[in-house]
Amino acid sequence: MSRRSDYALAQPPRRVPWLVRSQVLFGGFMNQFGWLFFGFGLIFVWIFGLNADLSSLLIPLRTMETAEGMVLRVEETSATVNETPVYAYTYIFRVESLEQEFQGTSYSTGRQFEPGWIVTIEYARSNPEVSRIHGMRQAIFGPWVLCLVFIFPLIGLVFIIVGLRNGFKANRLLANGQIAWGQLKAKEPTSTTVNDQPVYKLTFEFQADDGGIYEVVAKTHLPHLLEDEAEEQVLYNPRRPAYAVLLDQLPGSPDLDELGYIHPASLRSGSMGIASPVWPSMPRTAVARSSEL
């Protein structure tokens, strides 16, 4: 049976430096895309959260009073909802029981009032500074906007969780996994694309020490990098051989020397992984082959 030159990978248990563990844990497309999406999503949550009317959610829990007020001025904001401008209304009202006047600002989608109009003001009995024009909101956007913007960090969080699970799995197998050789048995396109290239699902079969035949699956948009050899090296859990990973698909792409010592990926490779969301999904030769005798 034809097989490629062996890697200089020591038998388990192996010492895995903490920097390698970190690169493997946080490396790979899932992690990097997830953290990127999560970070950008939080920016939108912060921006829209500051302009969301969260106080309206507490109004049912407060004792509210009403008073007659007057619109002082109307201003069009830079925000729109469904391409309709959002307007800000500055108003004044008087609380007779306190013999004091208060001023506030309410917002609506579309213009509803003009300066000088008399309107009904709702205010909290315990704190009249908390008020709004009846039927309007106290911020540019309603609380519903957070439901939309939270979708983005949540998607990123899902990718992060999957990426961390892959990293934990890879670290365990890198330290204690048994070595086997897998042959490509099936290749099929998925519905996912990366840079307009379809992502393929490649299924490899390998024989474990118990004599059983098991499968390990890899997904990549560059399948030729996992088809350039007759067999691909596999790391698996000898107690549960189905728990396996292709060596060339390890997140963070750690390097091994000819003596079997595991080293972090080079600084250049690491920076490439951070700079490009595509690179981490590219399987590459993660370890150096032994010198041919």
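As the structure is a computational prediction, the values presented were derived from the model and not from experiment. (Residues numbered from 1 in each chain as written. Predicted model: local features only at pLDDT ≥ 70, side-chain atom pairs only at ≥ 80, totals over all residues. Heavy atoms only, no water.)

(A) Region of the structure containing the sheet that holds strand 2 (residues 84-95). Reading across the sheet, the five strands line up as 3-2-1-4-5 and stay open at both edges, with antiparallel pairing between neighbours. Looking along the sheet, the strands with just one partner apiece sit at the ends: strand 3 (100-109) and strand 5 (127-133). Each neighbouring strand pair of the sheet contributes to a mean axis angle of 40°, computed without reference to strand direction. Two elements, strand 1 (residues 64-81) and strand 2, share nine bridges in a ladder whose sense is antiparallel. Note that in strand 2 the partner of Arg73 across the bridge is Thr90. (Pairing = 2+ DSSP bridges. Helix = DSSP H or I, 4+ residues; strand = E, 2+ residues; numbered from the N terminus. Axes fitted to C-alpha atoms, helices over the stretch in contact; angles between N-to-C directions.)

(B) Representation of the pairing of strand 1. Alignment of strand 1 against strand 4 (residues 118-124), held across seven bridges, turns out to be antiparallel. Across the sheet, the residue bridging to Ala67 is Ile121, located in strand 4.

(C) Representation of the pattern of salt bridges within the structure. Per the stated rule, a full pass over the model turns up five salt bridges. The salt bridge partner of Glu114 is Arg111, with a shortest N-O separation of 2.8 Å. (Salt bridge = Lys/Arg side-chain N within 4 Å of Asp/Glu carboxyl O.)

(D) Looking closely at the pairing of strand 5. Most of strand 5 is tucked away, with five of its seven residues classed as buried. Note: strand 4 against strand 5, four bridges, orientation antiparallel. Residue Ala124 lies in a different strand from strand 5, and its bridge partner there is Asn127. Following strand 4, the chain reverses through two residues before pairing antiparallel with strand 5. (Buried < 20%, exposed > 50% of the residue type's maximum accessible area, 1.4 Å probe, protein only.)

(E) Representation of the packing of helix 2 (residues 29-49) against helix 4 (residues 151-176) within the structure. It is the contact of helix 2 with helix 4, at a shortest axis distance of 7 Å, that shows an interaxial angle of 155°. Classified by the angle their axes make, helix 2 and helix 4 are roughly antiparallel. The hand of the helix 2/helix 4 crossing is left-handed. Of helix 4, the residues touching helix 2 (which contributes Met30, Asn31, Phe33, Gly34, Trp35, Phe37, Phe38, Gly41, Leu42 and Val45) are Phe152, Pro153, Ile155, Gly156, Leu157, Phe159, Ile160, Val162, Gly163, Leu164 and Asn166. Of the residues contributing to the contact of helix 2 with helix 4, the split by class is 15 nonpolar, six polar and no charged. (Parallel < 35°, antiparallel > 145°, perpendicular 65-115°, else oblique. Left-handed = near helix turned anticlockwise from the far one by under 90°. Contact = heavy atoms within 4.5 Å. Nonpolar A, V, L, I, M, F, W, Y, C, P; charged D, E, K, R; others polar.)

(F) A look at the nonpolar core. By size, the foremost hydrophobic cluster in this structure holds 15 residues, and its most contacted members are Val71, Tyr89, Phe93, Phe113, Val119, Ile121 and Ile133. When residues of this core are traced back to their parent elements, those giving at least two are strand 1, strand 2 and strand 4. At five residues, strand 2 tops the list of elements feeding residues into this core. Membership of the second largest hydrophobic core comes to 14 residues, among which are Ala175, Tyr243, Val245 and Leu250. (Core = buried A, V, L, I, M, F, W, Y, C linked by side-chain atoms within 4.5 Å.)

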